[in-house]
Amino acid sequence: MKLNYKEFAGTSKVPQFPVYLIHGSPKHLQNEVERKIQNHYKKSDFSGKKNLVVDTDFVLDELKNEIELTSLFKENRVITLNIVSNSIPQKVKDVFLDSKIPDDLKIIIKLDKQLPSFKKTNFYEYFLKSYCIIEIFELTGYDLKKWVEQKFAMFDLKYNDEIFNKIIEKTEGNTLAIIQELYKMSLAGVSNPNSYFDILQNDYNFSEFDLVNTLLDRDLSKSLKILNYLETVNFPSTYILFLLNSEFKKIYNLNTGNKLNIYIPNFKVRTYNYLLDKIDTNTLSTLIEYCHSIDKSIKTGIENIRLWHQLEILISCFILNKPIEEFIGKQAC
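In this report, we go over the structure that sits alongside the text. (Residues numbered from 1 in each chain as written. Predicted model: local features only at pLDDT ≥ 70, side-chain atom pairs only at ≥ 80, totals over all residues. Heavy atoms only, no water.)

1. What about the sheet that holds strand β3 (residues 48-54)?
Reasoning step 1: Strand order in the open sheet formed by 6 strands is β1-β6-β2-β5-β4-β3, with parallel pairing between adjacent strands. Every interior strand has two partners, whereas the edge strands, β1 (2-4) and β3, have only one. When strand polarity is set aside, the average angle formed by the axes of neighbouring strands in this sheet is 20°.
Reasoning step 2: Across the sheet, helix α5 (residues 122-130) lies against β1, β2 (19-24), β5 (105-111) and β6 (132-136), angled at about 115° from β6, the strand it touches most. (Pairing = 2+ DSSP bridges. Helix = DSSP H or I, 4+ residues; strand = E, 2+ residues; numbered from the N terminus. Axes fitted to C-alpha atoms, helices over the stretch in contact; angles between N-to-C directions. Contact = heavy atoms within 4.5 Å.)

Next comes the structure, spelled out in structure tokens:
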């Protein structure tokens, strides 16, 4: 069975299969499908839950043990296989081709966007006949509008056609950017999006998008000026951390050849291509690790982490192409 995101999300029922293959992009729509499947089986007493990360070095034993598990008592469980390699390793494919999935096990496979040739493989044809395939792609037109309306309701935000047009203009219709914008509104305690957009247009000298643009242009003085301005207007610093980390990961993936699950507007392709020769992977790797370290400090409630200062360090290291340890010393990491 094959469904697209619209078909799957548009029904209250989840088709009954032992295995679900979710592939495509963006990732957050994959996550929505995964949650719907998990919630469905949770209502049917599938209380066990496990996530396995699958790369080219993945050890099959744990997956095989789950499939071959026998017990006097049913252990209803749902397993998610997060494929982080560019494709499903052949040894993992072989397990599914050669095994019968027991009744007390449901498996969700999450896979990034694949080349068109993927749909011509024997593995894909087997899944099409035996299991459920759900294809993910960016939403457009009426589908996008309905999705945006649902997300505004989820965040308890006012919605109308005028607000829809404003957020589409601001995000270029990218669903991930829309979710990020709504998340930012929730952090800022916005109750009326119209007033929020009016503030952005009339009172803000700079926005977070200006910061990202100057970062990509590698303009250090202007980037720090914008960052300072956003601090003075009490812009959510955690959201800036999220944006910086997203950009670092995007460029890192481009640098390492992992381009399948990355969204870049056409007018920014040249900018990102230029950066590939200017920022090396070692720098990007340390920046991503530093972002994770800061995020962990925030979530564990560590005081006096001086987040705005750390944002300055992240921006400076990126633009100067210096790994974190060279910029602030190994002890700061």
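2. Remarks on the side chain of Gln 180
Reasoning step 1: In this fold, Gln 180 is placed in helix α8 (residues 175-188).
Reasoning step 2: Sequence-distant contacts of Gln 180, that is, excluding residues within four places in its chain, are made with Tyr 239, Phe 242, Leu 243 and Ser 246.

3. Overview of unusual backbone geometry
Reasoning step 1: For the peptide bond that leads from Ser 25 to Pro 26, omega is 10°, which places it in the cis range.
Reasoning step 2: Along the chain, Pro 26 turns up in the loop between β2 and α2 (27-42).
Reasoning step 3: Not every positive phi belongs to a glycine, and Asp 156 is a case in point at roughly 60°.
Reasoning step 4: Its place among the elements puts Asp 156 in the loop between α6 (141-154) and α7 (161-171).

4. A closer look at the pattern of salt bridges
Any two side chains of opposite charge can pair if their charged atoms end up close together.
Reasoning step 1: Counted by the stated rule, this structure contains 14 salt bridges.
Reasoning step 2: Between Lys 6 and Asp 143 there is a salt bridge, and its shortest N-O distance comes to 3.5 Å. Separated by 137 residues along the polypeptide, Lys 6 in helix α1 (residues 5-9) and Asp 143 in helix α6 bring together distant segments of the chain.
Reasoning step 3: For Asp 112, the salt bridge goes to Lys 27, with nearest N and O atoms at 2.8 Å. With Asp 112 in the loop between β5 and α5 and Lys 27 in helix α2, this residue pair connects regions lying 85 residues apart in the sequence. (Salt bridge = Lys/Arg side-chain N within 4 Å of Asp/Glu carboxyl O.)

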